[in-house]
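Here are the chains, one letter per residue:
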Amino acid sequence: MNIGLEAGFADPVPDAQRCFRAVLDAMAHPGRIAHAAGVTAPYPLGTAAAAVVLTLVDHETPLWLDSDAATARQWIEFHCGAPVVADPAACGFALALALPDLRRLPAGSHESPETSATVICQVASFDTGTAYRLSGPGLREPAVLTVQDLPRDFVSIWRRNHALFPRGIDLILCAGDRLTALPRTVAIEEV
Amino acid sequence: MNDTISRPDAIATRQHWMSVLARAPAEAIASALTRAGPLPVWSRVRGPETGLVMVRGRTGGSGSPFNLGEMTVTRCTVRLGSGVAGHAYVAGRDERRAELAAVADALLQDLNTGSRDSLIGPLAAAQREQRLTRAEKAAATRVEFFAMRNMRS
């Protein structure tokens, strides 16, 4: 009976285009904070995570949800029409409230590295937490990004992922209505 | 999830009223809703939005599938104050009609069987009558091709 189904984007086409632009900018400038709006996010997702899912995920992209994000499964399936897969190795996108084990996600192949997964991970905040120094394509000078709630050994996890290039996972971090991206090309070290 | 909706007969009941609503004109749905009592408060979850759906057929009715053509469809999903969601897909681009049909679908899930029949019954009867009238008109102009009939039998 679809009790408690929330609305998606208020104005689907312009809202999705704006959000896509924000993700594009964030990917091109790792660590830069972009904003998302226009959506009533279902619990436990924030505005940015919900908007990114609505923008990027559709019936052609298998989606894996971690156990916390699965609370919003009905909303995601209704608005995106995406097949939700139980096996993380089969997904195109992963939505998680805690960073999943990146080794269990598809990293693409050398022939087609674009088939790797993109992880949309919701974190608590970009204002407090651990500071990371980012460098690589898109950054003329190293940038500093502060993130709350990433695993303690995130730097070594990321080093492993970065070393796979051209294969590897791309990460979109969302907190509230703000988002930023860490593409596989970026090198991360603790400040 | 409500377990009554997952029962096969409950699904058939809902399919019936959804098909009646999909065929009913906006004015008919509006007056049926008014008869059922004060209009509930609803919010739009998706749409109303218009798009195309591919209609598929089977050659000879049972052969291999083929794409017959695209059809304009307007869909809408609403949610009542009680939290119940209603869906509607109607042919054409009449957004008000799709929204009213979705509201009626949501409302019908909440009502008991008697109130359901009083809401959907007149609409179904009108459509049945319309179908009959058309069938009668067509039957009156029917031509029997004796040669063909004899060949087939």
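Residues numbered from 1 in each chain as written. Chains lettered and ligands numbered in written order. Predicted model: local features only at pLDDT ≥ 70, side-chain atom pairs only at ≥ 80, totals over all residues.

## Some remarks on the overall build of chain A
Which entries qualify depends on this criterion: Secondary structure elements follow DSSP: runs of H or I of four or more residues count as helices, runs of E of two or more count as strands, with numbering from the N terminus. Two things to know: the radius of gyration comes from C-alpha atoms, and the globule rule equals 2.2 Å times the number of residues to the power 0.38. A residue pair is marked as a contact if its C-beta atoms, positioned from the backbone, fall within 7 Å.
The helix and strand inventory of chain A stands at four helices and nine strands. For chain A, the α and β elements follow one another from N to C terminus as α-β-α-β-α-β-β-β-β-α-β-β-β. Taking 191 residues into account, the globule formula puts the C-alpha radius of gyration at 16 Å, and chain A, at 16 Å, falls close to it. Oriented by its inertia axes, the alpha-carbon framework of chain A measures out at about 50 × 35 × 30 Å. At a minimum sequence separation of 6, the contacts of chain A that also span at least 24 residues come to 63%.

## Things to note about the sheet that holds strand S3 (residues 93-96) of chain A
All names here are of chain A. So the rule is basically this: Two strands are counted as paired when DSSP detects at least two bridges linking them.
Taken in spatial order, the six strands line up as S1-S8-S7-S4-S3-S2 in an open sheet, and their pairing is mixed. Each edge of the open sheet carries a strand with a single partner, namely strand S1 (34-35) and strand S2 (63-65). Here S1 runs beside strand S8 (residues 178-182); their pairing, made up of two bridges, is antiparallel. The residue bridging alanine 34 from the neighbouring strand is leucine 179, located in S8.

## Let's talk about helix H3 (residues 73-80) of chain A
For an α-helix, 3.6 residues make a turn, and residues three or four places apart therefore share a direction. Just so we agree on the cut-off: Here a residue counts as buried when 20 or more other C-beta atoms fall within 10 Å of its C-beta, as exposed when 12 or fewer do, and as partly exposed in between; the C-beta atoms come from the backbone. Summarising the geometry, the arc corresponds to the directions from the helix axis toward the C-beta atoms.
Inspection of H3(A) places A:Trp75, A:Ile76, A:His79 and A:Cys80 among the buried residues, and these make up the whole buried set. In a view along the axis of H3(A), the buried residues occupy a sector of 95°, so they form one face of it.

## As for unusual backbone geometry
All names here are of chain A. For the bond from tyrosine 43 to proline 44, the omega torsion is 5°, close enough to zero to count as cis. Turning to its location among the elements, proline 44 is positioned in the loop between S1 and helix H2 (47-56). The residue after phenylalanine 165, namely proline 166, is reached through a cis peptide bond having omega 10°. Examined against the element boundaries, proline 166 turns out to sit in the loop between helix H4 (154-163) and strand S7 (170-175). Not every positive phi belongs to a glycine, and aspartate 149 is a case in point at roughly 90°. Note that aspartate 149 resides in the loop between strand S6 (143-147) and H4.

## Regarding the packing of helix H2 (residues 8-23) of chain B against helix H4 (residues 95-110) of chain B
All names here are of chain B. To keep it simple, the criterion reads: Comment: axis = line fitted to C-alpha atoms, over the contacting stretch for helices; angle = value between 0 and 180 degrees taken between N-to-C directions. Note that the term roughly parallel is reserved for angles under 35 degrees, roughly antiparallel for angles over 145, roughly perpendicular for angles of 65 to 115, and oblique for everything else. Less than a right angle of anticlockwise turn of the near helix away from the far helix marks a crossing as left-handed, whereas a clockwise turn marks it as right-handed. Side-chain classes follow a simple rule in which Ala, Val, Leu, Ile, Met, Phe, Trp, Tyr, Cys and Pro form the nonpolar group, Asp, Glu, Lys and Arg form the charged group, and the remainder, Gly included, forms the polar group.
Between H2 and H4, the least distance of the axes is 10 Å, while the angle of their chain directions is 155°. One way to sum up the angle between H2 and H4 is to call them roughly antiparallel. Of the two elements, H2 crosses H4, and the hand of that crossing is right-handed. Contacts between H2 and H4 pair Trp17, Met18, Leu21 and Ala22 from the former with Ala101, Ala104, Asp105 and Leu108 from the latter. Residue classes in the contact of H2 with H4 are distributed as seven nonpolar, no polar and one charged.

## Concerning the sheet that holds strand S2 (residues 65-80) of chain B
Residue and element names in this part refer to chain B. Sheet architecture is open: three strands sit in the order S1-S2-S3, paired in antiparallel fashion. In this open sheet, the two edge strands, each paired with only one partner strand, are strand S1 (42-58) and strand S3 (85-91). The average undirected angle you get between the axes of adjacent strands in this sheet is 25°. Looking at chain direction, S2 and S3 are connected through seven bridges and run antiparallel.

## Examining the environment of A:His162
Residue and element names in this part refer to chain A. Tracing the backbone through its elements, the reader meets histidine 162 in helix H4. A count of 18 C-beta atoms within 10 Å places histidine 162 in the partly exposed class. Dropping the residues within four chain positions of it, histidine 162 is found in contact with Gly168, Arg184 and Ala187.

## So, H2(A)
All names here are of chain A. Burial analysis of H2 places ten of its ten residues in the buried class, the great majority of the element. Taken together, the buried positions of H2 are Thr47, Ala48, Ala49, Ala50, Ala51, Val52, Val53, Leu54, Thr55 and Leu56. Its buried side turned inward, H2 meets helix H1 (12-28), H3, S3, strand S4 (118-122), S7 and S8.

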